Amino acid sequence: AATAFVHALGVAVKGGLRVRGVPTSQVTADLATQLGIPLARLDEVGQIDVTFDGADEVDPHLDLIKGYGGAMVREKIVAASSGRLIILVGAEKLVPVLGSRGILPVEVVPFGLPLCQRCLVELGCRPTVRVVEGRPFVTDNGNQILDCGISPIPDPAALEQSILSIPGVVGTGLFIGMAATVHVQ
């Protein structure tokens, strides 16, 4: 959905819409550049009016799991810098409870990987290093992602705080209380 939005935004920009975008990944930056969308760094814009993004899970409270694409920390930073977060998803992303799809991405500093894995297991998660094309996936931040096998999460905010307290964890795919609107396509 987010990629489709960038394509639609490119068409609108070619039609005269004046915007500047703050991309959350190099992939999005490359696509936006190809489509003629002007880009800026976060430090160049300060407050962002609105952020449009996708999600991997959306619950009835508009809480989210993101990060299957690997950019959740940057996405969370941009969303927190924004006056409004609008999520664009297909109906298949709607879940009754976060964790229904069984995966929660957690970004970790490579040096802390062994500790993070042990601590996540103690929290009841089943972490595995994300591998792409036979190699550990590296985020645009230079970190790795542990895809944690999980069951539906009864208290996402509490789980997020427990995970964030682990030294070496940079961020989680849990976006609690951040989305203002969810548009289902």
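Residues numbered from 1 in each chain as written. Predicted model: local features only at pLDDT ≥ 70, side-chain atom pairs only at ≥ 80, totals over all residues. Heavy atoms only, no water.

**Observations concerning the packing of helix H1 (residues 2-14) against helix H2 (residues 26-34)**
At their nearest, the axes of H1 and H2 sit 9 Å apart, and the two run at 25 degrees to each other. On the basis of the axis angle, H1 is roughly parallel to H2. Pair H1 / H2 crosses with right-handed handedness. Residues Thr3, Val6 and His7 of H1 form the contact with H2, whose own contacting residues are Thr28, Leu31 and Ala32. (Axes fitted to C-alpha atoms, helices over the stretch in contact; angles between N-to-C directions. Helix = DSSP H or I, 4+ residues; strand = E, 2+ residues; numbered from the N terminus. Parallel < 35°, antiparallel > 145°, perpendicular 65-115°, else oblique. Left-handed = near helix turned anticlockwise from the far one by under 90°. Contact = heavy atoms within 4.5 Å.)

**Side note on the pattern of salt bridges**
Counting across every chain of the model gives six salt bridges. Two residues, Arg41 and Asp43, come together in a salt bridge whose shortest N-O distance is 3.0 Å. With respect to burial, Arg41 and Asp43 carry one shared label: exposed. Put simply, Lys66 and Asp53 hold a salt bridge, and the shortest N to O gap is 3.1 Å. With Lys66 in the loop between strand S3 (64-65) and helix H4 (72-80) and Asp53 in strand S1 (residues 51-53), this pair connects stretches of sequence that are 13 residues apart. Overall, Lys66 belongs to the buried group, its relative accessible area being 3%. (Salt bridge = Lys/Arg side-chain N within 4 Å of Asp/Glu carboxyl O. Buried < 20%, exposed > 50% of the residue type's maximum accessible area, 1.4 Å probe, protein only.)

**What about H2?**
Listed in full, the buried residues belonging to H2 are Ala29, Leu31 and Ala32. One face of H2 carries all of its buried residues, which in axial projection span an arc of 165 degrees. Exposed residues lying more than 90 degrees from the buried face of H2 are Val27, Thr33 and Gln34. Where H2 is buried, its residues touch H1. (Arc of directions from axis to C-beta.)

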